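# An overview of the molecular structure
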Amino acid sequence: MATEVVKRENKYQQAFEALKARKPSAAWIELLRDSAMDRFESLGFPTVAEEEWKYTNLAELSRLHFNLATANKGVEYKSAQFSFPETADNQIVLVNGTFRHDLSTTEKLAGVVVLDLFEAISDARYGKVVREYLARNANYHDRGLTALNTAFLESGVFVLVPRNIEMESPLQITFVADSPAGHTANFPRVLLVAEENSSVKLVERFVSGRQPTFTNAVVEIVLLDGARLKHDRLQQEGSEAFHIATTAAELGQGSSYNSTAINLGAKLARHDVSVVMNHEGAECWVDGLYVVGSNQHSDTHSVIDHKQPYCNSHQLYKGILDGNGRAVFNGKIFVREGAQKTDAMQTNKNLLLSPQARVDTKPQLEIYADDVKCAHGAAVGQIDQEELFYLATRGIDPDLGKSLLTYGFAEEVIGKIGVESIRAQLDQAVLNQIHAELGPQASSPAGMSDML
Amino acid sequence: MLEIRNLHAAIDGKEILKGINLTVNKGEVHAIMGPNGSGKSTLAKVLAGHPGYEVTAGEVLYEGRNLLEMAPDERARDGVFMAFQYPIEVPGVSNAQFLRLAYNEKQKHLGSEELDPLEFKDLLKERAKVVEMDASFMTRSVNEGFSGGEKKRNEILQMAVLEPKLAILDETDSGLDIDALRVVAGGVNQLQGAENAIIVVTHYQRLLNYIVPDFVHVLADGRIAREGGKELALELEEKGYDWIKAQMQEIGSTTVRAN
């Protein structure tokens, strides 16, 4: 068994040796990467034997051989197609995890610092900040996939929002996974630090090409006291993509984190989101929507950790499942001892459009304080026949009625997105996907593949 | 316009309608009254095409066509409308979006011009006056968080937008206070004309003070027990439904036609 494990991980070992030959500018990064690779070698890919991976099987992903993707330098991507009118002036494009300056525009940063993460490491001003916060919230010690991402740190994005800066226009980071020459893996990394009383909007968009790709992204967010972040996340990868992502946020005193994650694409998607409320008076919204069609699997694991008193958390995740689509929602809320006056609310609702679709939902509350207000619930349902009849009596046929009710179901989450034109495009994308019925096999969500 | 002949209908194998005969002509207002469980709401739902009810015998002709063979949405596009006793909430879909979709589906069917959101907004503003609804209702989700009275007004607003030929109002007065009742009834009266017909299903006579029927039909145990003009409603109010039931027992199942 042990030999088997080592053999399997050699697939990445070779690429790692090649990476090591390219010496990083800071010794601590080399140590971090070595230590992370060491952890990955011990942990490997998670298996269904682990409680956290019970319903998401990575056997195929771990068996396949992926080469480390390059930045595809020289390949011209039409980066304007990835952005939205509101984000056209501020878009960072990562191609297979590498910051492509030639495709990025940073016109209206209003004092916000945006650098290639590797440049920031050796920067006289920001090196210290990176060292303080990188790999602090995304735990690689007992998570194999986070360890693998950390081992392959070589680029990425560093965002620093200085104290009191309020950035009006949203900043978009587009993650392009594209491997024209066959199976490739990419390991994008983002570190965003918002200093005291700053305010920023971040849009993350994941797209991929037609070939099989393995994206394993880690985004770390640090909000210092009084900072505010509106975070919209769009996962629109292609039908052959494996999408693994971790979002790890740490909230300072009186800070506010508002996240809306939309999962439409990929063959297999897993998103781990964690929010740690380390200081009093923080507030978070951790909302999301997953839409899966046939041959799609979407898994969201969320942890909201109330460690201090007077923090509020709100969570609404909705799922729409069609064909033989599968989804998993697992949401944990911890209220630690002493976290009095916590107000935590969690809801997961699922709409099954086909008898073959399946969702496994598990909301969990663990409360160790006695003066708190907490509620959670989960629901799985189908289109209501009385609602369809009501629409029919207004001349709306059952197919259109079904679309309208599904759209209405999704709208509650889509409406939370902070950028208007994204809301409008998503409304259309959700409607298209419902109409296509067969999921990304029939038509790639939002036609992303056609952009590459 | 509508001809119901010997209509029998059942739900879950239980027969509710046991031979209804009713003719409605253009320009007429008919009231269907009756005690709880007499089948009056069932009749409304069967006419609208609710899939839970099975028609076991009889026929319904609407403008000469077999209504029972038409799907509910087809009936609606061809001018049949039912105002629900308990209107359904449609979260996430605004009233304006919903109404425009319904309106355009009908226009498409009739080969008439569809309206874009701006054009439709003007039409909606105009029609909303009928039920004294303000603009804030148009951006809210359909019936979500509406009070009982607001839901009923919204039903009549839909009627005003869709301009049905045959409108069936199922217990539209239930749960309304007197002011809301006046608004709702006033809306219905504005929409009634020589080219359309209305069937008002109600338990109580009070709605008929506002929407004055040409004919009153009293249902008991799935059959029409008594028919007459608007005075019949007043007589019922005075004597109660026991009076009808007692008469039914005396004469068996034949319909009594008053004067």
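Residues numbered from 1 in each chain as written. Chains lettered and ligands numbered in written order. Predicted model: local features only at pLDDT ≥ 70, side-chain atom pairs only at ≥ 80, totals over all residues.

## Details of the overall build of chain B
- The helix and strand tally for chain B stands at nine helices and 13 strands.
- Against the compact-globule benchmark of 18 Å for 259 residues, chain B has a radius of gyration of 18 Å, which places it among compact chains.
- Along the longest, intermediate and shortest principal axes, the C-alpha atoms of chain B span 60 × 40 × 35 Å.
- Put simply, chain B has 259 residues, and 44% of those count as buried.
- Within chain B, contacts between residues separated by at least 24 positions form 73% of all contacts whose residues are at least 6 apart in sequence. (Helix = DSSP H or I, 4+ residues; strand = E, 2+ residues; numbered from the N terminus. Rg over C-alpha atoms; globule rule 2.2 N^0.38 Å. Buried ≥ 20, exposed ≤ 12 C-beta atoms within 10 Å, placed from the backbone. Contact = placed C-beta atoms within 7 Å.)

## Observations regarding the sheet that holds strand β4 (residues 53-62) of chain B
All names here are of chain B.
- In spatial order, the strands read β2-β1-β4-β5; together these four strands make up an open sheet with antiparallel pairing. The open sheet has two free edges, formed respectively by β2 (14-24) and β5 (65-66), since each of these has just one partner strand.
- Relative to β4, strand β1 (residues 2-11) is paired through eight bridges, and the arrangement is antiparallel. Of the residues in β4, the one forming a bridge with L2 is Y62. (Pairing = 2+ DSSP bridges.)

## Here's the deal with the interface of chain B and chain A
- Chain B puts 20 residues into the contact, and the matching count from chain A is 17 residues.
- Every element with two or more residues in the side of chain B that touches chain A is listed here: α2 (72-77), β7 (90-94), α3 (95-110) and α6 (148-162) of chain B.
- For the side of chain B that touches chain A, a count of residues per class yields 13 nonpolar, three polar and four charged. (Nonpolar A, V, L, I, M, F, W, Y, C, P; charged D, E, K, R; others polar.)

## Focus on α3 of chain B
Residue and element names in this part refer to chain B.
- Across its 16 residues, α3 extends 23 Å between first and last C-alpha, which sits within 8% of the 22 Å expected from 1.5 Å per residue.
- Buried residues in α3 make contact with α2, β7, α4 (117-128), α5 (136-139), β8 (141-142) and α6.
- Directly beyond the C-terminal end of α3, a positive phi value near 70° is found at G111. (Expected span 1.5 Å × (residues − 1).)

## Some thoughts on the environment of L234 of chain A
All names here are of chain A.
- Following the sequence through the fold, L234 ends up in strand β12 (residues 228-236).
- Assessed through the 28 C-beta atoms surrounding it within 10 Å, L234 is described here as buried.
- Put simply, L234 and L264 are 30 residues apart on the chain and 7.7 Å apart in space, counted from C-alpha to C-alpha.
- If sequence neighbours within four positions are ignored, L234 has contacts with E204, R205, F206 and I262.

## Examining the environment of R336 of chain A
Residue and element names in this part refer to chain A.
- Tracing the backbone through its elements, the reader meets R336 in the loop between β19 (326-335) and β20 (343-352).
- Of the residues examined, R336 has 16 C-beta atoms within 10 Å and is grouped as partly exposed.
- The spacing of R336 and P309 is 27 residues in sequence and 9.0 Å in space, taken between C-alpha atoms.
- Other than its neighbours up to four places away in sequence, R336 contacts H306, K307, Y368 and A369.

## Let's talk about the pairing of β4 of chain B
Residues and elements named next belong to chain B.
- Direction of pairing for β4 relative to β5: antiparallel, over a ladder of two bridges. Looking across to β5, one finds that Y62 is bridged to R65.
- Linking β4 to β5, which pair antiparallel, is a turn of two residues; within it E63 sits at a positive phi near 50°.

## Some words on the pairing of strand β15 (residues 268-277) of chain A
Residue and element names in this part refer to chain A.
- Among the ten residues that make up β15, eight are buried, leaving the element largely enclosed by the rest of the structure.
- Pairing of strand β13 (residues 241-251) with β15, which is carried by ten bridges, proceeds in the parallel orientation. When the sheet's bridge partners are listed, A249 is paired in β15 with V275.

## Details of the packing of α6 of chain B against helix α7 (residues 178-191) of chain B
Residues and elements named next belong to chain B.
- Taken N-terminus to C-terminus, the directions of α6 and α7 make an angle of 5°; their axes are 10 Å apart at the nearest point. Judged by the angle between their axes, α6 and α7 are roughly parallel. Mapping the contact onto sequence places G149, K152, R153, I156, M159 and A160 in α6 and A180, V183, V184, G187, V188 and L191 in α7.
- Of the residues in the contact of α6 with α7, the class split is eight nonpolar, two polar and two charged. (Axes fitted to C-alpha atoms, helices over the stretch in contact; angles between N-to-C directions. Parallel < 35°, antiparallel > 145°, perpendicular 65-115°, else oblique.)

## Quick look at the packing of helix α2 (residues 27-43) of chain A against helix α6 (residues 144-151) of chain A
Residue and element names in this part refer to chain A.
- Running from N to C, α2 and α6 cross one another at 145°; their axes reach a closest spacing of 8 Å. Classified by chirality, the crossing of α6 by α2 is left-handed. On α6, the residues touching L32, R33, A36, M37, R39, F40 and L43 of α2 are G144, A147, L148, T150 and A151.
- Here the contact of α2 with α6 is composed, by residue class, of eight nonpolar, two polar and two charged. (Left-handed = near helix turned anticlockwise from the far one by under 90°.)

## A word on α2 of chain A
Residue and element names in this part refer to chain A.
- Over its 17 residues, α2 runs 24 Å from end to end, which matches the ideal 24 Å to within 8%, given 1.5 Å per residue.
- Of all the residues in α2, the buried ones are I29, R33, A36, M37, R39, F40 and E41.
- G44 lies just past α2 and shows a positive phi near 65°.

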